[in-house]
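# Structure at a glance
The chain contents come next:
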Amino acid sequence: MLNSPYRRCFGLATFLLALGSYGFALQQASAAAPQPLDFRVTFDSKVSAAPFTGRLFVMLSKRPINVVLGGINWFNPEPTFALDVKDWQPGQQAVFGANSLGYPFALAKLPKGKYWLQAVMDFDRGGKNFSASDGNGYSQAVSLDLDPASSGPISLTIDQVYASSPFKESARLKLVDIESKLLSDFNGRPTRLRAAVVLPKSYAAEQNRRYPIVYEIPGFGGTHTMAAFALARNATDVAGVEMLHVMLDPSCRWGHSVFADSDNNGPCGKALIEELIPHIEKSFRALGRPSARFVTGHSSGGWSSLWLQVTYPDFFGGVWSTAPDPIDFRDFLRANLYQPGANMFADEAGKQRPLARSHGKTLFLCKPFSDMEVVMGHGGQLVSFEAVFGPRGPDGKPAQLWNRQTGAIDIAIAKTWERYDIRMLLENNWQTLGPKLAGKLHVYVGSEDTFFLEGPVRFLKESQGKLASDAVIEVFPGKDHGTLMNAALRQRIAREMAEQFHRRNG
């Protein structure tokens, strides 16, 4: 039997050994404890040798990502997270955690599941899309099971550079791509104007023939590449009159330029009228006179086409504007911008304002849509309006019309928008504009427009009626933003264009 001192020593050693084992077990348990999800992004020097200052994104999708996701789907948004960095170095980690912006929810609220994910760095070099713009960096997409409470850190390396697919010309489809001196001077960097020209079937054979021309402006998100659809529907046959059909590219850094001169986008209208159109009409044997030059467009292109006809009444021979964006700011997405106390997010009764509908059902609300654009940074539909219609703010960005948290509209900013209120512009200048626009105005919209655009058109119809205008303004019962432009309306517009051409050109 051990004596007392040895027993005490042995007991202490046993205790210390047990304590060490317990500490080791705690350490193991701690190491194995679940860690919350975060994304740790680095970029390779082949994407940029210089430090990067700007916005990063991690984009998630339930469907496979082939190259780069083209932004956020309005109707079915998938998780997108954003983080601003300054002087970020190649190889240095940027961590997306609780500090990152998220839409439609914060990272901690991400539903558990399997996702494809990809990191993007937006160099913001003039492209509309924060993700799929030429020169942006991106990572290879990976598929992972994610749980915000336990997935731990996920590493992504940006080592690819995005390049859009080249435009494919054919015998009847031609690309126009020129540098604009006006826009380059405004932006302080080379800025280009693009369009695609669809040639009539007789163009190659009849070398001495000149043609009337139709300029089409696509809606938000559309570009000159949509000329392929115009070729497919044989848009150059305008009710028996062969015409050149030109699809313009209205895209710009802030979204859609609508070819209006603006404080934020620059002299986009002037550049179109003085640089791009003369180049096109000289290059492709257009008749080159106002009576043989027409303009049309849908949605944002509808607003743009009407604006161009009203702003340059002697330059175009007629406009066919369909479902135009708000042309009277007393009904701007259902808000009266001139009413004190107006709010973008809620109506007078405090009810959340819908931004889109289908068959009487709300598709999405204004507040979440605005939140989405905060994450995007640029290229959103709402901020695109601010960029065109409003002044430049002290931070160099478009001045905000509404408070992003409360929705309260800044009446002083709304006042500056009046110069782009087409109904007001026509009323205030009708003595001069009326004779020049005789027989030229055609505006069509559905009574159930998806984005509530029928209201401003009704206001315009009422206003034009009081001015004894001959403008043709119609609201088609039961039609929405997508169903308005059916075969019957396309044929009607073609017939009206052809009649206008014959009437003014003998």
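Just so we're clear, the structure is a prediction, and the values are computed from it rather than from any experiment.

Rules and cut-offs
- Residues numbered from 1 in each chain as written.
- Predicted model: local features only at pLDDT ≥ 70, side-chain atom pairs only at ≥ 80, totals over all residues.
- Heavy atoms only, no water.
- Axes fitted to C-alpha atoms, helices over the stretch in contact; angles between N-to-C directions.
- Helix = DSSP H or I, 4+ residues; strand = E, 2+ residues; numbered from the N terminus.
- Parallel < 35°, antiparallel > 145°, perpendicular 65-115°, else oblique.
- Contact = heavy atoms within 4.5 Å.
- Nonpolar A, V, L, I, M, F, W, Y, C, P; charged D, E, K, R; others polar.
- Pairing = 2+ DSSP bridges.
- Buried < 20%, exposed > 50% of the residue type's maximum accessible area, 1.4 Å probe, protein only.
- Salt bridge = Lys/Arg side-chain N within 4 Å of Asp/Glu carboxyl O.
- Expected span 1.5 Å × (residues − 1).
- pLDDT = per-residue confidence, 0-100.

For the rest of this paragraph, the subject is the packing of helix α6 (residues 366-376) against helix α7 (residues 381-389). The geometry of α6 relative to α7 is characterised by a closest axis approach of 8 Å and an angle of 75 degrees between their N-to-C directions. Taken together, the axis directions place α6 and α7 in an arrangement best described as roughly perpendicular. Contact with α6, carried on its side by F369, S370 and E373, involves Q381, L382 and V383 of α7 and no other residues of that element. By residue class, the composition of the contact of α6 with α7 is three nonpolar, two polar and one charged.

Now for the side chain of E281. Counting through the fold element by element, E281 comes out in helix α4 (residues 268-283). Beyond its immediate stretch of four places on either side in the chain, E281 contacts I213, Y215, A286, G288 and R293.

Where strand β1 (residues 35-43) and strand β9 (residues 151-161) come together, seven bridges link them in parallel fashion. Note on β9: the bridge partner recorded for F43 is I158. Sheet topology places β1 next to strand β4 (residues 94-96); three bridges connect them, and they run antiparallel. Bridge pairing links R40 to V95 in β4.

Moving on, we get to the sheet that holds strand β21 (residues 319-322). Spatially, eight strands are ordered β10-β11-β15-β12-β20-β21-β24-β25 in an open sheet, and the strand pairing comes out mixed. The open sheet is flanked by β10 (173-179) and β25 (472-476), the only strands paired with a single partner. Taken pair by pair, the neighbouring strands of this sheet meet at an average axis angle of 15 degrees, ignoring direction. Sitting on the sheet, α4 touches β10, β11 (192-198), β12 (213-217), β15 (244-248) and β20 (293-298), and the angle it makes with β11 is about 40 degrees. Along the sheet face, helix α5 (residues 300-311) touches β12, β20, β21 and β24 (441-446) and points at about 150 degrees away from the line of β20.

Residue P104 is bonded to the preceding Y103 through a cis peptide linkage, with omega at 5 degrees. The backbone phi angle of F259 is positive, close to 50 degrees, even though this residue is not glycine. Tracing the backbone shows F259 in the loop between β17 (255-256) and β18 (261-262). Relative accessible area serves as the criterion here: at 2%, F259 is assigned to the buried category. Although it is not a glycine, F452 adopts a positive phi angle of roughly 60 degrees.

Side-chain pairs of opposite charge can arise whenever the charged atoms involved come near each other. Within this structure, the stated rule accounts for 25 salt bridges. In this structure, R330 engages D328 in a salt bridge whose closest nitrogen and oxygen atoms are separated by 2.7 Å. Looking at R330, the relative accessible area reads 32%, which means it is partly exposed. Connected through salt bridges with shared partners, the residues D328, R330, D421, R423 and E427 form a single ionic network.

Next up on the list: α5. Turn by turn, an α-helix covers 3.6 residues, leaving residues three or four places apart pointing in a common direction. For α5, which comprises twelve residues, the first-to-last C-alpha distance of 16 Å matches the rise-based estimate of 16 Å (1.5 Å per residue) to within 8%. Most of α5 is tucked away, with eleven of its twelve residues classed as buried. Taken as a whole, α5 has its buried residues at S300, G301, G302, W303, S304, S305, L306, W307, L308, Q309 and V310.

Moving on, we get to the confidence of the model for the protein chain. In this model, the protein chain carries a mean pLDDT of 94, and residues with pLDDT of at least 70 account for 94%. pLDDT under 50 marks residues 1-30. Its contacts with residues more than four places away, or in other chains, come to two contacts.

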